[in-house]
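# Breakdown of the fold
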Amino acid sequence: MAETADLIVVGGGIVGCAVVQHCAELLPKGARIVLLDRGPVAGAASASCMGHLMVTPDDAQEYAFSATSVKLWAELEEREGGFDYNPTGALYLADDPADVELFAVLQQQFADHGDRAEILDPRQLRDREPGLAHDLPGALFYRGDGVVLPMMACGAMLRQAQKHNPNVDVRPHTPVTGMLRQGDRMLGVQTANGAIHAEHVVNCCGVWAPELAEMAGQPRLPIVPRAGNLAITGHHVTPIQTQLLEISYIRFAHGAAKVDPTRTDDPGGHAMNMQPQSNGGCLIGSTRQFRGMDRTLNKALLHRSLLRAQRYAPGLAHAPIVRTWVGLRPYSLDKRPLIGPWPPLRGLWIAAGHEGLGITLSPITGRLLAEQITGRPTTIDATPYLPARFLR
Amino acid sequence: MSGERIVDADVGVLGAGPGGMAAAKALAAAGLCVVVLDEGHRAGGQIFRQLPPGAPHAAIAEPPSHAHGHALIDGFGASKVELRSGASVWDAKPGRLWFEQDGASWLLRCKHIVLAPGAYDRCIPFPGWTLPGVLTAGALQVMVRGFGVVPGKRALVVGSGPLLLPTVTALASAGVEVVAALEASSRWRALRALPGVLGNGARLREALWYGRKLLTAGVKLQWGWTVFGVEGDGRVQRATIGKVDADGRPRRETARTIEVDVVGAGFGLVPSIEAGLLLGCASRLLPARGGHCLVVDAEQRTSVAGVYAVGEACGIGGAEVAMAEGELAAAAIVRLARGAPIAAGIARKAARERKAADALLRAFAPLPGLHELAQPETIVCRCEDVTLARAKAAAALHGGSHRAIKIGCRAGMGPCQARICGPSLQALACGRPELPMDLPVAQTPLKAVRSETILNAPEG
Amino acid sequence: MSASRLPGADARPVVAFSFEGQRVEARAGDTVAMALWAAGQPALRASSRDGAPRGVLCNMGICYECLVVVDGDTVRGCMQVVREGMDVRRGGKP
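The structure contained in this document is the topic of the report that follows. These numbers were taken from a predicted model, which means no experiment stands behind them.

The next point concerns the overall build of chain B. Across its full length, chain B carries 14 helices and 22 strands. Against the compact-globule benchmark of 23 Å for 460 residues, chain B has a radius of gyration of 22 Å, which places it among compact chains. With respect to the three principal axes, the spread of C-alpha positions in chain B is 65 × 50 × 40 Å. Out of the 460 residues belonging to chain B, those deemed buried represent 61%. Excluding contacts between residues fewer than 6 apart, the proportion of contacts in chain B whose partners are at least 24 apart in sequence is 69%.

Our focus in this paragraph is unusual backbone geometry. Of note, the bond from Gly 285 of chain A into Ser 286 of chain A is cis; its omega dihedral lies within 30 degrees of zero at -10°. Topologically, Ser 286 of chain A is positioned in strand β15 (residues 282–288). With an omega dihedral of -5°, the bond running from Thr 444 of chain B to Pro 445 of chain B counts as a cis peptide bond. On the secondary structure map, Pro 445 of chain B appears in the loop between α13 (422–429) and β22 (449–450). A positive phi angle, close to 55°, is found at Gln 417 of chain B, a residue other than glycine. Relative to the helices and strands, Gln 417 of chain B resides in the loop between α12 (402–409) and α13. The phi torsion at Asn 59 of chain C lies on the positive side, around 60°, for a residue other than glycine. In this fold, Asn 59 of chain C is placed in the loop between β4 (53–54) and β5 (67–70).

Residue and element names in this part refer to chain B. Within the open sheet, the three strands sit side by side as β12-β13-β14. Their pairing is antiparallel. Each edge of the open sheet carries a strand with a single partner, namely β12 (225–231) and β14 (256–259). Across the sheet, the axes of successive neighbouring strands diverge by a mean angle of 35°, strand direction being ignored. As paired strands, strand β13 (residues 238–243) and β14 are joined by four bridges and run antiparallel to one another. When the bridges of β14 are listed, Ala 239 appears paired with Ile 258.

Definitions and limits used
- Residues numbered from 1 in each chain as written.
- Chains lettered and ligands numbered in written order.
- Predicted model: local features only at pLDDT ≥ 70, side-chain atom pairs only at ≥ 80, totals over all residues.
- Helix = DSSP H or I, 4+ residues; strand = E, 2+ residues; numbered from the N terminus.
- Rg over C-alpha atoms; globule rule 2.2 N^0.38 Å.
- Buried ≥ 20, exposed ≤ 12 C-beta atoms within 10 Å, placed from the backbone.
- Contact = placed C-beta atoms within 7 Å.
- Pairing = 2+ DSSP bridges.
- Axes fitted to C-alpha atoms, helices over the stretch in contact; angles between N-to-C directions.

Here it is as C-alpha cells:
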C-alpha cells in the first residue's frame, strides 16, 4: 500500500526548503509534508551559487516582491539563525564614467518606492571600504541588501518547518522516478523507495523542473540553465565588508538576455559581484552563459571575473583562491519565476525559475505558494508569477 | 610577460621524494630532459627531509634505510635534472602542469608526467586536538629532521603504524622525553606484520634498529593504547590516555592523565591522489594502503596515456617501494623514448617491495573504533570550525553522503580542501565508524594559489 | 632560543623579522612556522569562527592551520621561508 502525505515537495534546494517552511506554517498542524531530493538537501544550484539578498527596485511589483522577501530573511535570522546572515548592504560601483549616471537612476528607483540609497563620493567610498581601488568615481550605497550562506539557510528553513510541524519529513537521496496521476489530477509520486500519495505535489526542481513536468506528461516548462563561474578565496583575506555589485549588473542580470537562451553558442557575459563571507573569505562572481547543462569551467569567463574583481579590489590579486566551480541558474524565458498552480493538472504546483535571484526570492516564493495552496489572500500580488501565463 | 614562463621537458615529475627522485635520476641518466616540481624547499620529500645547509645535524639518529636516501639525494643532485622547489602545482592535464613558484605563474609542458606526490598524515579527531602543540607525527619529524628544531620537553606519541617509530626516535634524538608512545593496534594484531618484516632483510634490520633505539631511549611502546583527549590553556599541557579494544574503541575506565607539552599523532598515511584525479586517472579504494589509490599497471602506467604514478599515490608503501616504482616508471618511459628494454630486475624489485609493504601495512589498517574518540563538541573540520555535533546534524538533515555533509555544515570546504577532515568525515558524521573514506574531489586549484596566478596562467 | 634548537654549531646567518611587532631571530632556511616555534610561539592564527589559537599541524603545506600574514599576504607559515625584515602577523580572525 502506498504511503500517504498531504503535500510532497520535490527538490530540496533553497526554493523547495522555503516552500516546506511556509507550508509547515500555513497548512493545518499535523499535515504530513514530505521533501524529496535525488541528492543532498541543498546539493545542486543552492550549493553552487552566491548568497545575495538583493532588493530590486525596477518597478513597484519587483520592489514589493524582493523587499518583502528580504524582510522574511531577517525574520528567519531572528527565529532560527545559523546561516551567516549578514546585512552588509550593497555598494553599486562603476568603472566606466558613463555608468556613473546610473547611480542617480538607481537612487531614484529606490526613492520611487519610498526607499533610500545614498550616492557616495570617492572619499566617502574610501572611508567605507578602504580596500577598494582609490580611483573609483564613487558609488551608490543601499542599506537593505545582505548576504547569507544558502546551504546553511536551507537547513535553517527546514529546522523552522520541523519546529512548526513535526510531521515534516526530509528525505535526501530519494529520487522521484515517476509522477502518479489520475486523469487531470495528481495522485502522488513514485520514488526509488516506493510510491507516496498526496493531494499536492510541488515542483521545486530549478533547472530540472522541466524534467519533472515531463514526467507528469506535461509540456516542457520554459526554464533553461544559465551557467555561472565562481571562485572563492581562503579565509581572512577579504578586502571588503560590503557586498559589491557593478552597477551594470542590474542591466546584465535582470535585463533581457541579448542572446537566444535556447541556443548553445552564447559567448557569455560578466558583471562583477563580490560577497564577503563570515569566515573572512570572499566569493567572486559573476558570469552568465547559456550552454545547456554543461558544468565545466569556462576559464575565459572566470578570468574576466577575477580580473574585474581585482580592478575594484586590488588586494585580491594576492588572495589565495581555494576553489572554482560552475553553478546553473534556472532562467525563466520571460525572466519571471513560475510560482503557483499548473492548471492542466490539479494538485501540481510549480515554484521554480528564479535565475540569479533564487536566494533573495525563496522566502516570498515559499510564502506565496503556501498562501495559494491554503486558499489565503497572497502577501503581494502573485499574478505576474502564475505559471498559467505560459499556457496562453 | 606570462607567455615567457613556460618550461619544456620530456618528462615532468610531480614530487621530489624518493619516488620522484628515483624516476627523475634514471630518466636523466638515459638522456631525457626532466623537470621536477616540488612544493618543499629541498629534495628528499617528507621521508628524507634534509636540514638547511649549515644547520647542525650530528645529533639526529637515522635508521639504516636512510643511507639509500642520502645516496639518492646525492645522485639526484649530481644529475642533470632541473628541480623546481617551492612549486605548487595547481592545475593539470595530460602533458601540462601549471604551477606557482615565488608568486609567479608557470606552465611545464612535457610528453610524460610522473606523479610522485607522496602522502600526508591521516588525522583522527580527538578532544583538544586543535590546541597548538598537537601535531601530526610527520610534522614532528619535519621539525626535528628538516629544521633542527626541538619540539618540546615532554612528548606523547600516539597513533598506529610503522611511522610512530621514526617519530619517537626523532624526538629522542632531539633530547625530548617521550613520556608515552601509544600504538592503538594490539600486539596480536601487529603480529600480522611479521611476515612482511621477516621476509625482507632490509625491513628486519630496520625494525631491529628501531627496537634498539627505543630501548636506549627508555621508551616502551604501549600496544592497544591511545589518546583520549588533550587539554591546556592556549597550548598543550596535559593529555588523557587509555586503552582501546580490538576495534580501537576507547575503554574510558582505563583513562589516566599525563603532563606533556607536545603531542605527535599519526594514524597512518593517506595517499595524495588529487593531481591524478584531476588528470582523469582511475582510482580504487584500498583501505590497507591508506584509502583511495591511483590504479597503475605493471609498469606504473595510470589509466591516462602519458601519466605514470609511483609510490604512495598508488597506495602507502614507504620509501623503498617508491624508489623501486620510480625506477620502473622511468624504465617504461625510456623504453618508449629510446627503445631500450626494461631490465627484468627493475620490475621484480618493485613488485617485491610492494608485496613486503602490503604485508606490513595490513597489520595497521585504520581501526574504526578510533572514530569514537571525538566528542560532540570536538572540532572535526579545523578550517571551518565544525564540531562533531554540527556534522552529525548536517548528515541527519542534508543526507549521509560525503557531499551532503560538506554542504550541510561546510566541513571540508576550507583551504585544506578536506585533506584533513575528509578521510574521517563521513564515518564520524554518520556515526558509522566502519564507513570507508570517500573519494576526494578533483578540483582546480589543486592547492590554493593566488588569484593572479590563475589569471596569468600561460597557455600552450 | 638555543635551547629549542638541536645542539651544535649553526653556520647559518641570523635572519631577523618581526612577529606581531616583536623582533624574532631565525636562521637562514627556517620557515616562519619553525622559527616561531623555536622562539616559543606555537600559536600562529585564530580559527575562522571561534577565534581559538591554532598552530602547525602537518608542517608540510597540507592543512593550512599555520596561516600567517607576511607583508600583507596570507601564506602558510610552514612553507614560507624567513626573509630579513619581513613583517609577520598572526593569521585568521582579526
